[in-house]
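# Reading the structure
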Amino acid sequence: MQLFLDTADVKLIAELAATGLVDGVTTNPTLIAKSGRPMAEVIAEICGLVEGAVSAEVAATDALGMIREGEKLAAIAPNVAVKVPLTWDGLKATSELSRQGHQVNVTLCFSAAQALLAAKAGATFISPFIGRLDDHGADGMELIREIRAIYDNYEFDTDILAASIRTARHVADAGIAGADCATIPPDVFKGLIKHPLTDKGLEQFMADWAKTGQSIL
Ligand code: G3P
């Protein structure tokens, strides 16, 4: 399972990439706005920090505009994945950009039927928004299971990128449901390692080791 960071904060990405466990990064217009920096500059820096896909989202809403913006974004670095919204124009842009050999992440997916269309259009990634579906009173994880079943039934090779992740439990459940990747906010990523019994167990081991008076080196 690939783990991506869902942020445009270069400092945090550098810090967490040092764990060796960050495969890629996703951004969106909200995250770019939050960074307060020029998009092309931020995306270029992020592409130098991780080896895997770095999603950069188009701002146009018509297919031609998305294709032109997508071509420009893809030229920033070979690991850019052009992110397009799940609209008819977005799907047209997906077909063309993937035909040109670019990675495409189709975002704002809230139904299995939408995910089927994105795969048929040639998307590299589909981004179902788990947390926002849960907020809406639906079951975000059920959507991952449905998409997994459809993609497996027809051998689509589009990767399921679980997005809008809010908790460590979401990450584990997305893995159980068969998501290929999860994109995770930095604070949730940092929390993935936490368990009180790990801390308690280590404290006990260290205390008992100290009593032996031994040294391994
Ligand atoms: O990258 C898109 C997605 O992960 C957004 O998450 O928390 O704004 O619903 P959120």
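Please read all numbers here as calculations on a predicted model, not as lab measurements.

### A word on helix 1 (residues 10-17)
- All of the buried residues in helix 1 are V10, I13, L16 and A17. The arc enclosing the buried residues of helix 1, seen along the axis, measures out at 135°, which places them on a common side.
- In this structure, the buried residues of helix 1 make contact with strand 1 (2-6), strand 2 (24-26), helix 3 (39-49) and helix 10 (186-191).
- The opening residue of helix 1 is D9, an N-cap whose side-chain oxygen sits 3.1 Å from the backbone nitrogen of K11.

### Topic: the packing of helix 4 (residues 63-74) against helix 5 (residues 88-99)
- At a minimum axis separation of 8 Å, helix 4 and helix 5 run at an interaxial angle of 40°. It follows that helix 4 is oblique to helix 5 by the angle criterion. The handedness of the crossing between helix 4 and helix 5 comes out as right-handed. From helix 4, A63, M66, I67, G70 and E71 reach across to helix 5, where they touch D89, G90, K92, A93, E96 and L97.
- Of the residues that constitute the contact of helix 4 with helix 5, the class distribution is 5 nonpolar, 2 polar and 4 charged.

### Topic: the environment of A56
- The residue A56 is located in strand 3 (residues 54-57) in this model.
- Judged by its relative accessible area of 0%, A56 is buried.
- Taking the C-alpha atoms as reference points, A56 and E142, separated by 86 residues in sequence, lie 27 Å from one another.
- Beyond its immediate stretch of four places on either side in the chain, A56 contacts T27, M39, I43, L73, V80, A81, V82 and K83.

### Focus on the pairing of strand 4 (residues 80-85)
- Among the 6 residues of strand 4, 6 are classified as buried, and the element is accordingly described as predominantly covered.
- On strand 4, burial covers both faces: V80, V82 and V84 on one face and A81, K83 and P85 on the other are all buried.
- Here strand 3 runs beside strand 4; their pairing, made up of 4 bridges, is parallel. Bridged to S55 within strand 4 is A81.
- Where strand 4 and strand 5 (residues 103-109) come together, 5 bridges link them in parallel fashion. Bridging from a neighbouring strand, V84 pairs with V106 of strand 5.
- In this fold, the crossover linking strand 4 to strand 5 by way of helix 5 has right-handed handedness.

### Some thoughts on the packing of aromatic side chains
- Enumeration according to the criterion identifies 4 aromatic pairs in this entry.
- With a centroid separation of 5.9 Å and 75° between ring planes, the pair formed by F4 and F125 is classed as edge-to-face. Of this pair, F4 sits in strand 1 while F125 is found in strand 6 (residues 125-128), placing the two residues 121 residues apart along the sequence. Neither F4 nor F125 differs from the other in exposure class; each is buried.
- Connected via pairs of aromatic rings, a cluster forms that spans Y151, Y154 and F156.

Rules behind the numbers
- Residues numbered from 1 in each chain as written.
- Predicted model: local features only at pLDDT ≥ 70, side-chain atom pairs only at ≥ 80, totals over all residues.
- Heavy atoms only, no water.
- Buried < 20%, exposed > 50% of the residue type's maximum accessible area, 1.4 Å probe, protein only.
- Helix = DSSP H or I, 4+ residues; strand = E, 2+ residues; numbered from the N terminus.
- Arc of directions from axis to C-beta.
- Contact = heavy atoms within 4.5 Å.
- Polar contact = N/O pair within 3.5 Å; in protein donor to acceptor, adjacent residues only side chain to side chain.
- Axes fitted to C-alpha atoms, helices over the stretch in contact; angles between N-to-C directions.
- Parallel < 35°, antiparallel > 145°, perpendicular 65-115°, else oblique.
- Left-handed = near helix turned anticlockwise from the far one by under 90°.
- Nonpolar A, V, L, I, M, F, W, Y, C, P; charged D, E, K, R; others polar.
- Pairing = 2+ DSSP bridges.
- Right-handed = clockwise from strand over helix to strand, strands pointing away.
- Phe/Tyr/Trp six-rings, centres within 6.5 Å; stacked < 30°, edge-to-face > 60°.

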